[in-house]
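# Analysis of the macromolecular model
Here are the chains, one letter per residue:
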Amino acid sequence: MSGAEFGTDGQRAADPASLHLSAELRPRRLRGIRRAVHTALLLAGEALSLGGPSVAELVVVRTGTGAPVIRTPAGSLMEADELLRQIRADLDRLSVEEFLAEWGHLKA
């Protein structure tokens with residue numbers, strides 16, 4: 001096998017990113033008055049279908065170490081669900097390099 005078939009960290013370039021990365025939603029960590037304001041805005045926005053502050057962070061981590069690769073606000077409940085679905089689908093179909101080229105701009 002030639003070196004061109006391997007990614008920068010020695011993994012096979014053809015391997016799907018889902019073998020090396022995973023995506024999950026994590027609750028935002030807010031305290032005190034910020035938490036109360038966030039909850040009020042979220043409830044009002046969802047009730048009026050206006051959206052609201054992000055309900056969670058979407059985090060993509062390396063499966064071997066748990067180290068975050070991407071961390072970004074996930075948006076409203078519906079946006080968070082859709083973003084997680086899109087990212088998981090791309091983790092299954094793209095290599096790590098392709099995935100990071102596609103989604104790396106979300107690093108926060």
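Calculation notes
- Residues numbered from 1 in each chain as written.
- Predicted model: local features only at pLDDT ≥ 70, side-chain atom pairs only at ≥ 80, totals over all residues.
- Heavy atoms only, no water.
- Buried < 20%, exposed > 50% of the residue type's maximum accessible area, 1.4 Å probe, protein only.
- Helix = DSSP H or I, 4+ residues; strand = E, 2+ residues; numbered from the N terminus.
- Arc of directions from axis to C-beta.
- Contact = heavy atoms within 4.5 Å.
- Salt bridge = Lys/Arg side-chain N within 4 Å of Asp/Glu carboxyl O.
- pLDDT = per-residue confidence, 0-100.
- Pairing = 2+ DSSP bridges.
- Axes fitted to C-alpha atoms, helices over the stretch in contact; angles between N-to-C directions.

## Things to note about helix H3 (residues 96-103)
Buried within H3 are the following residues: Val96, Phe99 and Trp103. The buried residues of H3 occupy one face: seen down the axis, they fall within an arc of 65 degrees. If you follow the buried residues of H3, they end up packed against strand S1 (21-27), strand S2 (56-62), strand S3 (68-73) and helix H2 (77-93).

## What about the pattern of salt bridges?
Scanning all chains against the criterion turns up four salt bridges. For Glu57, the salt bridge is made with Arg71, and the minimal N-O distance between the two is 3.2 Å. Of this pair, Glu57 sits in strand S2 while Arg71 sits in strand S3, placing them 14 residues apart in sequence. You can call Arg71 partly exposed: its relative accessible area is 23%.

## Re the confidence of the model for the protein
Looking at the protein, pLDDT values average 79 and 66% of them are 70 or higher. Mean pLDDT per element in the protein: helix H1 (residues 32-47) is the minimum at 64, and H3 is the maximum at 94. In the model, residues 1-7 has pLDDT below 50 throughout and makes 13 contacts with residues more than four positions away in sequence or in other chains.

## Section: the sheet that holds S1
Within a sheet, neighbouring strands are paired by backbone hydrogen bonds and run either parallel or antiparallel to one another. Strands sit in the order S1-S2-S3 across an open sheet of three strands; the sheet is antiparallel. Bordering the open sheet on either side are S1 and S3, each of which pairs with just one other strand. The sheet shows a mean angle of 20 degrees between the axes of neighbouring strands, direction not considered. Alignment of S2 against S3, held across five bridges, turns out to be antiparallel. Looking at S3, one finds that Val61 is bridged to Pro68. Against the sheet, H2 contacts S1, S2 and S3, and its axis sits at roughly 165 degrees relative to S1. The sheet strands contacting H3 are S1, S2 and S3, and the helix crosses S3 at an angle near 25 degrees.

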